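Architecture at a glance
As a plain string of letters, each chain reads:
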Amino acid sequence: MSHEISVSNNEDYPLCRACGGECCRTRPGIESPERFLAEANPAEALALLLASGLWVLDRHYGIPYSPERGEQGDPDRIILYPRPATGAEKAAGSIFAIPGAGECVLLGNDGCTLPFAERPRACQTLEPAAGFACTSTWTRFDAAREWVSHQDMVNEALALLGLPPDHPAF
Ligand code: SF4
Ligand code: SF4
C-alpha cells in the first residue's frame, strides 16, 4: 500500500549503517491515520495490514491533556495505533503489541525494505544524526493526538477481523 508522501526523503544510509539501526532494531515506527484515510475504505485498509501478520496495534496510555486546546485528558483511556510488528509479535501471531523492545519485521540486511514513501510516518520523520542525536518532528505523542479521533476506524478494523471493539487488550 502506498500513501501520499508529505515528508522529504531524509535517508542517510552511511550514518545509519554506522549507527547499526538502533531505531529499527528496538521500536518500529508508528503510522499516521492519513495513510488509511487516503483509502476508499480506511478500516478495511487497516484490517488488511493487521491481517498480514506484519503490523500490530500498539497502545498509548492516556489521552492528550491540554487545557489551552480544550482537552480534559483521561488517564484511563487507551489509544490504539498501528505500527509494523517486531519479530516476536509476528511469531506470536498477535495483532496487538507485545511489551518490550524488538526488531521491526520490515528491517532487512541493507536497512528498511520499504521505499521511503511507504514507511510509517514516525520512520519518515526521524532525522538521522551522528552520536544518537537523531530528532523527530512527529513523535508517539503526536500519533496519539492524531489517532484519538480515529479510534472508530480501529474498532471497525477489529470488527472486520472478527474481534469486538472492547477487546480485552483495550
Ligand atoms: S535514524 Fe538514528 S537511531 Fe536510527 S539508524 Fe539512523 S542514526 Fe541510528
Ligand atoms: S518500517 Fe522500516 S524504517 Fe520503520 S522501523 Fe521498520 S525497518 Fe525501520
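Just so you know, these numbers come straight off a predicted model, no measurement behind them.

About the criteria used
Residues numbered from 1 in each chain as written. Chains lettered and ligands numbered in written order. Predicted model: local features only at pLDDT ≥ 70, side-chain atom pairs only at ≥ 80, totals over all residues. Heavy atoms only, no water. Helix = DSSP H or I, 4+ residues; strand = E, 2+ residues; numbered from the N terminus. Buried < 20%, exposed > 50% of the residue type's maximum accessible area, 1.4 Å probe, protein only. Contact = heavy atoms within 4.5 Å. Areas by Shrake-Rupley, 256 points an atom, 1.4 Å probe, with all protein chains shown as cover.

Re the overall build of the chain
Of the regular secondary structure elements, the chain holds 7 helices and 6 strands. Secondary structure elements in the chain, listed N-terminal to C-terminal, are α-α-α-β-β-α-β-β-α-β-β-α-α. Projecting the C-alpha coordinates of the chain onto the three principal axes gives extents of approximately 45 × 40 × 30 Å. With 170 residues in all, the chain has 38% of them scored as buried. The long-range share in the chain, meaning contacts at least 24 apart out of those at least 6 apart in sequence, stands at 68%. Accessible surface for the chain amounts to roughly 9300 Å². Of this, 53% is attributable to carbon and sulfur atoms.

Things to note about the environment of Ala18
Position of Ala18 among the secondary structure elements: in helix α1 (residues 13-19). Residue classification places Ala18 among the exposed positions, given a relative accessible area of 69%. C-alpha of Ala18 to C-alpha of Ala130: the two residues are 112 residues apart in sequence and 9.1 Å apart in space.

What about unusual backbone geometry?
A positive phi is found at Phe132, a non-glycine position, where the angle reads about 60 degrees. Mapped onto the secondary structure, Phe132 falls in the loop between β5 (126-127) and β6 (135-136). Phe132 sits in the exposed class, given a relative accessible area of 62%.

In short, shape yes, function no, at least from these values alone.
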